Amino acid sequence: MIKKALTLSAVVLSFAPLFGHAAIQQTKGDFEDKFRQLDESLPTPNVYRNAAGEPGYQYWQQKVDYKIKVNLDEEKRRIEASESIVYENHSPDTLKYLWIQLDQNKYRPDSLSALTTTFGGIGNRGPATKSANGDSPAQLSLDALRREQFVADHDLGYELTKVVDSSGKPLHYVVVGTQMRVDLNTPLKPGKKTEFAINFAFNIVEEDAISARAGYEHFPDDAREGGNDIFLLAQWFPRLAAYTDYEAWTNKEFIGRGEFTLEFGDYDVEITVPADHIVSSTGVLQNPSDVLTKEQRKRLKEAENADKPVFVVTEEEALDNEKEGTNKTKTWHFSADNVRDFAWASSRKFMWDAKGYHQGGDDQPLVMAMSFYPKEGGDLWKKYSTEAIVHTMQVYSRFSFDYPYPTAQSVNGPVGGMEYPMISFNGPRTDLQDDGTRTYSQSEKRFLLGVVIHEVGHNYFPMIVNSDERQWTWMDEGLNSFLDGIACREWDSSIPWGVEPRDVVDYMKSSTQVPVMTQSDSVLRLGPNAYTKPAVALNILRETILGRELFDFAFKEYAQRWKFKRPTPSDFFRTMEEASGVDLDWFWRGWFYTTDHVDISLDSIYKLRLDTKDPDIDLNRQRQEEADKPLSLTLERNINEGRKLWVERFPDVRDFYDDHDRFTVTNKERNKYQKFLNDLEPWEKATFERAVKEDKNYYVLDFSNKGGLVMPIILELTYQDGSKDNMYIPAEIWRRTPKAVSKLIVTDKGKELASVTIDPRWETADVDVDNNHYPRQIIPSRIEAYKAKKSTALVSRDIMQDIKTELKKPEDKKKTEGQDN
């Protein structure tokens, strides 16, 4: 209930000394400033990155151009290629060597990734577990064994056959895991460029066996003898590591989780594949007349202005391709300008649909949205993939800039979801039924829409706003998850997309949480840490703290400032504050640098009533308050038993005090009251008399911060007449006492509080809603009756019965799937 034990002084509205009930107080040496300015922790602004969070007047970044000729050997599942690289040094430093990324070396058995992979444990993708108490044997799945066998059976990693400068002179190089240092024959001075060439080859990994970000997938049941493959090629060529103003060479080893930090440049790539393959690639096809039929070129042109996707390669053509195979080859020639990476896909299984997206503007008025997928994609891909690409660009551009590239593509293959400039790999598919039809579940539909929107959205972050993925995963995954949450909810609001504040509370109160700013390879649970938590944080910042107008302006300013540039976290934090005009240091510190969680408790409410100083009013109120108290149980039973008081039995003992209680008013109190009024200044008297006349309700609400993360206090006030009000208390209320605060709330006469709820719409990711209500409420939950399963321990096995079981033949497997043995 709302307590009524206290009164409010009439003249001096200072009642804090009355409260001995404040929930949690600081002790000496215990204070923590949750609002300490973040600039103390951020890098000092400089000529490269200024204090406003924008590129400084001497900002620079390197440029790297590639010319690559690559051949796909389908039978050997092998890449052989040569590349010519032009490196432009825009930095103020003279470079004696260059660092090259050799990502394929990650799959070598002696790689840092392989040698440091633990058996089981949190953060591992591998399906291997061990018993915590040693009572049961450790488990190693067939998937894990398959991976081990594939690595043992194949020579993986790069084979480097030539590293030479532009004159053909060999360059000395040293391979360090997934990096290679190339020593230049002549130091590269600022403003100069150097050219060199690398010949390389590698065996392509089977993605399903290795769980990689690229690779091949085999389809043994296709009509063609030996089946067919889909090839997804990424991290496939030696490419320059980034050289930055904040770290110099970003040559941290590629272990697998921390993604990529790359330079922008222009690409000219010739891809030679079997003649019946269809290729999807970063960039624009330069020789369509060499690789597409006249009819296919006509369809591609028609797609530019079509209302719905047009098939460039039809399903029938793809099925025909699946049946035969060829010994001939074709070379697909692509070029791409100002991109930070290059990926491609190739298969004879692909059908290809396309639709033009007319976004207007001067930079790229027409974008071709295209999807490439096998028959296994079915109607799921036909209906949704290309349309989801267009939807993504429409939504993301509202928050950033027009899509600047000529194509945006979605390719189905073995990779669940992975992004590259202009192209993404996405995994969802249909299921083949016994009657030959293909169907998909609602969850698979959600998966496809979500992954296409997310991976195509990565074109904006980090393919254009070029953050350092290896160091700060959240800067692309978190920002992108925030925007894909907006896009997905604008596609279908009835589907739970997993980006609401309530979707992160379990992680935030868990023991496996680490700060969002943790380097990628050290994060325990990457999904909730780098995707969900920062996405939820930005959603709260937009919807609850800043509001859409301030947030959207600041976020778009950040995107446009750093378009085709490389921002760091400090640039994002500073831009959001500078452009919104709001101090958000407390927010960044709490959400990104700590493992605090949100848990604000409403511990008590005290109702105060203004003391009028008029004895005829105040003493009568006190008499009524006394009468309203519950009757003593002893007195109630005495009355029920008919027991009379002594003064009722013997009236002659009654005196003055039997007829006048302790609340009786005398003229002494009345004279004191008149003197009080006469001593008031005119303004004091007017203020006092108005307060007495209005007779408002004064409530003191005591809050405690149990989770440590300071946040606004959002209140729903419910009155006794059934009406409700909402109240927003900014987070700065915690600035002096971050563990506990009290707040005075004043309501009009006749608007008495019945109850108060914190965060009634679950806006702030509060992990415990039980303590959000005052008075406390019964919290609904569910209970499920169940029948205990019999133990499967060794001692419970009925071997006498089980030994009679007939051994089933391998061909009986399908008949018994789903049955208990």
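Everything below is about the structure shown above.
Right, let's walk through the structure included here.

A look at the overall build of the protein
Of regular secondary structure, the protein possesses 22 helices and 35 strands. Split into buried and exposed, the 821 residues of the protein put 49% on the buried side. Excluding contacts between residues fewer than 6 apart, the proportion of contacts in the protein whose partners are at least 24 apart in sequence is 76%. Approximately 41300 Å² of the protein is accessible, and the part contributed by carbon and sulfur atoms is 49%. A gap of 2 Å separates the mean positions of the 107 positive and 133 negative side-chain charges of the protein.

Points about the pairing of strand β10 (residues 193-203)
Counting buried residues in β10 gives 8 out of 11 residues, a clear majority hidden from the surface. Across 11 bridges, strand β3 (residues 78-88) lies against β10 in antiparallel orientation. Considered in β10, the bridge of E83 is made with I198. For strand β7 (residues 159-165) and β10, the ladder comprises 6 bridges, and the chain directions are antiparallel.

Considering helix α13 (residues 569-580)
Look at α13: 17 Å from first C-alpha to last across 12 residues, which is about the 16 Å you get at 1.5 Å a residue. Buried residues dominate α13, accounting for 11 of its 12 residues. Those residues of α13 lying buried are P569, S570, D571, F572, F573, R574, T575, M576, E577, A579 and S580. After α13 finishes, the residue G581 shows a positive phi value of roughly 75°.

Some thoughts on the nonpolar core
By size, the foremost hydrophobic cluster in this structure holds 195 residues, and its most contacted members are W236, W344, F425, F572, W588 and W591. Here this core takes 10 residues from helix α11 (residues 526-546), the largest share from any one element. When residues no more than four places from it in sequence are discounted, the contact partners of F572 are W474, M475, L479, L538, F555, Y558 and W588.

Here we look at the pairing of strand β23 (residues 366-373)
Every other side chain in a regular strand lies on the same face of the sheet, so the side chains alternate between the two faces. Burial within β23 is extensive, with 7 of its 8 residues counted as buried. Alignment of strand β22 (residues 351-358) against β23, held across 8 bridges, turns out to be antiparallel. If you follow W352 over to β23, its bridge partner there is F372. Bridge analysis of β23 against strand β24 (residues 407-412) gives 5 bridges, and the strand direction is parallel. Of the residues in β24, the one forming a bridge with S371 is S410. For the crossover that starts at β23, traverses helix α7 (residues 378-398) and ends in the parallel β24, the hand is left-handed.

The rules behind the values
Residues numbered from 1 in each chain as written. Predicted model: local features only at pLDDT ≥ 70, side-chain atom pairs only at ≥ 80, totals over all residues. Heavy atoms only, no water. Helix = DSSP H or I, 4+ residues; strand = E, 2+ residues; numbered from the N terminus. Buried < 20%, exposed > 50% of the residue type's maximum accessible area, 1.4 Å probe, protein only. Contact = heavy atoms within 4.5 Å. Areas by Shrake-Rupley, 256 points an atom, 1.4 Å probe, with all protein chains shown as cover. Lys, Arg positive; Asp, Glu negative; His and termini not counted. Charge placed at Lys NZ, Arg CZ, Asp CG, Glu CD. Pairing = 2+ DSSP bridges. Expected span 1.5 Å × (residues − 1). Core = buried A, V, L, I, M, F, W, Y, C linked by side-chain atoms within 4.5 Å. Right-handed = clockwise from strand over helix to strand, strands pointing away.

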